[in-house]
Structure formats: C-alpha cells, structure tokens
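The primary structure of each chain is shown beneath.
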Amino acid sequence: MKKPLTHPSQDSFPQSPSALPVKTGAEIVVETLIEQGVDIMFGYPGGVVLPLFDRLYDAPIKFIIPRHEQGGAHMADGYARASGKVGVVLTTSGPGACNLTTGIANAMMDSVPIVALTGQVRTELIGNDAFQEADTTGVTRSITKHNVIVKDVKDLQQTIREAFYIARTGRPGPVLIDIPVDVEVAKCQLQPLKEINLPGYKPQEKGHLRQIKMAAEAINKSERPVVYVGGGVISANASEELRALAQKANLPVAMTLLGLGSYDQMRPESLDMLGMHGTAYANFAVQECDLLIAVGARFDDRVTGKVKTFAPNAKIIHIDIDPSSISKNVAVDIPVVGDAKFILAEMAKEVRHKERKEWFDKIADWKKRFPLRYDTASSNIKPQYVIEQLWEATKERAIIVTGVGQHQMWTAQFYKHTRPRHFITSGGLGTMGFGLPAAIGAQIARPDALVIDIDGDSSFNMTLTEISTAVQYELPIKVCIINNGYMGMVRQWQELFYNKRYSKSFLKNPEFAAVAQAIGAVGITVEKKNEVKSAIEKMLKEKKPCVVDFKVEREENVWPMVAAGKSLHEMDGLDIFESMA
Ligand SMILES: Cc1ncc(C[n+]2csc(CCOP(=O)(O)OP(=O)(O)O)c2C)c(N)n1
Ligand SMILES: [Mg+2]
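So, a few notes on the structure that sits alongside this text. Keep in mind that this is a model prediction, so the values were computed, not measured.

Some thoughts on the overall build of the protein
Here comes step 1: A count of helices and strands for the protein gives 23 helices and 20 strands.
Here comes step 2: The globule rule puts the C-alpha radius of gyration for 581 residues at 25 Å, and the 24 Å found for the protein is close to it.
Here comes step 3: Along the first, second and third principal axes, the C-alpha set of the protein runs to 75 × 60 × 40 Å.
Here comes step 4: Expressed as a percentage of its 581 residues, the buried residues of the protein come to 59%.
Here comes step 5: Pairs at least 24 residues apart make up 76% of the contacts formed inside the protein by residues separated by at least 6 positions.
Here comes step 6: Looking at the protein as shown, the accessible area adds up to about 23,100 Å², and 52% of this sits on carbon and sulfur atoms.
Here comes step 7: Averaging the coordinates of the 67 positive side-chain charges in the protein and doing the same for the 67 negative ones gives two points 3 Å apart.

What about the pairing of strand β12 (residues 291-295)?
Here comes step 1: Here β12 lies mainly inside the structure; 5 of its 5 residues are buried.
Here comes step 2: Neither face of β12 is exposed, since Leu291, Ile293 and Val295 on one face and Leu292 and Ala294 on the opposite face are all buried.
Here comes step 3: By the bridge criterion, 5 bridges tie strand β9 (residues 225-229) to β12 in an arrangement that is parallel. Across the sheet, Val229 pairs through a bridge with Val295, a residue of β12.
Here comes step 4: Looking at chain direction, β12 and strand β13 (residues 315-320) are connected through 5 bridges and run parallel. Residue pairing across strands places Leu292 opposite Ile316, the latter belonging to β13.

Re unusual backbone geometry
Here comes step 1: Residue Pro560 is bonded to the preceding Trp559 through a cis peptide linkage, with omega at -5°.
Here comes step 2: Mapped onto the elements of the fold, Pro560 is located in the loop between β20 (546-551) and α23 (574-580).
Here comes step 3: If you check the backbone angles, Ala311 has positive phi at about 40° while not being a glycine.
Here comes step 4: When you line up the elements, Ala311 lands in the loop between α12 (301-304) and β13.
Here comes step 5: Relative accessible area serves as the criterion here: at 3%, Ala311 is assigned to the buried category.
Here comes step 6: Within the chain, Ser327 stands out as a residue other than glycine whose phi angle is a positive 55°.
Here comes step 7: Its place among the elements puts Ser327 in the loop between β13 and β14 (334-337).
Here comes step 8: Classification of Ser327 by relative accessible area gives partly exposed; the value is 37%.

Definitions and limits used
Residues numbered from 1 in each chain as written. Chains lettered and ligands numbered in written order. Predicted model: local features only at pLDDT ≥ 70, side-chain atom pairs only at ≥ 80, totals over all residues. Heavy atoms only, no water. Helix = DSSP H or I, 4+ residues; strand = E, 2+ residues; numbered from the N terminus. Rg over C-alpha atoms; globule rule 2.2 N^0.38 Å. Buried < 20%, exposed > 50% of the residue type's maximum accessible area, 1.4 Å probe, protein only. Contact = heavy atoms within 4.5 Å. Areas by Shrake-Rupley, 256 points an atom, 1.4 Å probe, with all protein chains shown as cover. Lys, Arg positive; Asp, Glu negative; His and termini not counted. Charge placed at Lys NZ, Arg CZ, Asp CG, Glu CD. Pairing = 2+ DSSP bridges.

Here it is in structure tokens:
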C-alpha cells in the first residue's frame, strides 16, 4: 500500500497550480482516495453514485461489495482495526446511506477511523423529498466525529483530505462526506496538496512533560498500583511502550474489552479483563489499589460499575488523547492529554522498579482463589470449552472477531489475547451482527492471517447474508457459532433479574451449516463434546469460508457478573467458582 500523504510541506509539491489538470468531481474523488493511500474500499452502488462507480471501473482500488451496506461499514471497521489504516465505505443516497448508520455509530463508539462517502441527490433537489433523498448529514451528525456535505466541486478534494486527517488523528473516528450527484459530474482543477490547517481541531500529540513527571512520581510512590488499559493503547500502537513501562515499574495491568490484546495475557502481571464480566482479581485489584493509571480508556459504565464506589482508595492518572474524556465520568487527579505512545515512553524514562511484594502476593492469592472456571466435567458442549479448544488449536495465530452477547464475553475471558489488533469486537455500541462482516474486513486487511469469527446464533442471524461476500471474494474466514439457541445474554438477564421469564429471547434458527453450504461455503455441525477438537482441525484446514455450528449447553451463564448499578467488587458467581474448585 502506498504511504498516505499526511502533512506535506508546500515545497514538496513543486507543480504550479495552473499546471494541474481539470477533472470531474468523480475523478477527483478517486484520485484523492489513491493519493491518501486507499487501495481497498467497501461499498454498494446506486443512482446518485454512478459517476463515481464509473470512475472505479478501472481504478487501482480493490472493491468489495457487501450484501447490505451495514455489512460494508462493519467491513471497513474490521479492516481499520486489523490494519491500523483508515477503512473506506461508499454508498448511494437515502437507503444506502441510512443502512450505514449502525456501522458508523459502531465505529464512533469504539473510536475506529473510517471514511464514509455517500451520494446525495442533485443540489437543487435537496429538501424536495427527492427520490432516495435522506438528510444524511443530519441523520449522522451525532454518530460521526465529523460530517460534511460538499456543494461545490472546488471544495471536494481538500474536504476528502481533511476527512482522512480527522478520521485517523486525535481520537480516531468515522467521518462522512455527502456528495450530491451534480458535484460528481461538475469539473474543476485538481488542487495541490497543502498542509491541513483546521481551526478548532488541533489534536495534542505530545503530553505535557510536567504532567508526565507528576504521573511517574505518583507511580514511584504507589504501593498498590493498577494500570487500566482501554482500546486507545491499541489505536495508538502503544503496546510495546505499555509493556516497557509496566515491566520497568512492576505494574499489574487490567484491560477493558477493547483493550484486550494490548498487553500479553500470558505474562504474570496481566490481570486480564476488568468490569462487568471481568476477572475477580482485576476487579478486586481496582477496588483496592492506591493508584489507578488509566490509559486510552474512558471509564465506561460496563467497566466502572457504580461510579461512586469505583476505585475508592485510588489516586487516578488518566492518559488520553481526547481532552473531553478527562474527568467526564470519574474525577481524575493527574490528567495527561496526548498520544499514549509518546506519553508511555516518556513515563517509562521516569519510573523506577519497585517490588511491591505485599500487593503482588495479594493479587496472586485472588488469582488462586478465583480463576475463571466452568464445569469441565460436563458431558455437554460447554461454550467455554469450545473457546478453550479454539485457543489450544490456534494459539497466537488467529485474529479473533466476535458478535455480541455471552459468546463475546466468554471469548474475552477464555481465549488468551496476546497481541494488539488480534481481537476485534464491538464494545461501545455492542452491535449484534458485527462479527461476520468485521471478520471479512479483517481478512481483507490481512489476507494471509487466520481470521475466526466466534459468533452467537442470534448475532450471526443478523448479517449471515455476508457469507455470500466471503464466498464471492474467496476469503478463507472461519465462523464458529456458539449456538445456545437463545439470545443468551438476554436470557441470562431474564433468568437473573426477571424470574426466568424468557420473554422473546428465543429464535428458531435455520440449520446454519446447511445455509452455509447453500451459499457456497463449508458447513459443519457439532453436537457432541468429543467432536469439538476434530471439527476445529477440519475447519482450520479449509481454504473456503467455513461455518461451524457448535450446539452448546443452552442455559450456561457468564460469571462473574457485576450486576448493573453494583460496585465492581460486588460480583455474583464467585461462590459458583468456589464450588467448582
Ligand atoms: C443489534 C442489536 N440488537 C439487540 C441487542 C441486545 N442484545 C445484546 S446480547 C443479545 C443476545 C445475543 O444473542 P446471541 O448472538 O445468540 O449471543 P449469546 O448471548 O447467546 O452468546 C441481544 C439481543 C444488541 N446488542 N444488538
Ligand atoms: Mg445465542
């Protein structure tokens, strides 16, 4: 892939503007995408984007057509998370643009850089309820980092450059550009690249050195520190700096769902995941720590539980590129605004090794008393068993993607996440149906990687039509359905909080393996525990897209659980763990 042109200085473009050719809006879009390093995009055609699609006919950009625009947005999202680049999706106006919204909101909540291009009706028809008109910028205003409609072809090129710049800098996120069809056919001269200068948008990359020093001093003083890592460390490509800091200063590290992979869970300092379905040892450590070092995390309610009693004894350091997330949910003592990669590296220079024996002994004791457990003796297929077997068979090779629900939490808990950009999941929005299209996007980004979507039966049902996309583009993705025949997470809440009244949380599923086969993929059904391993082996040998339907124990629950509104240390399920010991 070509290197994107980011902040060129004027003199790197010696051509005089008058020498630049005149092009149509559609040509400008395609040329600017190429200039920005785009070689892959996702999208679906329609009336008002035909001039653009015509330019794409022989452009050097690989184009993936999803079966539904939502899938296209999730593919761009999965592509961005797996590659660290900006994902691009293009759709028509009205229905095409509206179908994107879930995917855009998903990228927004998880700070994923995507650029969405949407066609719009002719400028003179806007507001007329024209055919396939929707107020796309209005609809997407609150779910984009930035959005804009381009009404003059002269603004088009710079707007696209700015969109890429905004999407990938600062706290990354989705940017949408709405382009009326008359702007696609209007002509104008190409614009030379110039430095991007957006008043009001100046992300602070370097942290304040005095704040960094203060944070390092607090670490040096601390007896019971915990690092709380979010997805920001992964977007900042700062895992290596995190490892260096944690090892030098001797710090235990807990991760959010989106932070998984930022710190190698095989290392002894890892406390694994914290929060609602986090480990007991992570949650207890947070509640008892004297210093909480939050990095690229936003104190989401699924992490904090009851905010008032969250980390009650701790001084809080918060490292984040987004100043608006500092002290938003939880008051912070030492804020450090800037790029985690830079800040962690600077902090590492200032910290000292400290033994903290008592603290690590206490953590070791929690780990010993409350490891994650499930009934391994059961003759039924336990969902956790399938995930453990997937880990055993793939170790660090796989990029794991998930749907949303219990299977997602078990994947977070029972797979060992060791590397960044190898666990892709919908955290903030919790979008069922994310798994399959995001896995397709990840496979496109990493053609040689082993990509496995560990999905729920109901989640998979939402976007399974994208199997056909995987078949068309010959993508060897694997889908493992943890099929409990329920919207399991809903059923769990109904069991625990609604007196087992399983109201509308059951779907009659198709035979997924047969569906996969009908679409041209491989389909396998697994009904016995002793078939699990061989099915995984068979799946791993497949070159075609492969769907394995694991019919698992139907009423298994995810433990531990901090019920909504409870404090982080008030976990249910620890007695169940102890009874299994
Ligand atoms: C698009 C969407 N609709 C509804 C929900 C609410 N919801 C969260 S989990 C869940 C059930 C998921 O069922 P399944 O995919 O089978 O996963 P399981 O919990 O059984 O592992 C539902 C309905 C959601 N997260 N996303
Ligand atoms: Mg289910």
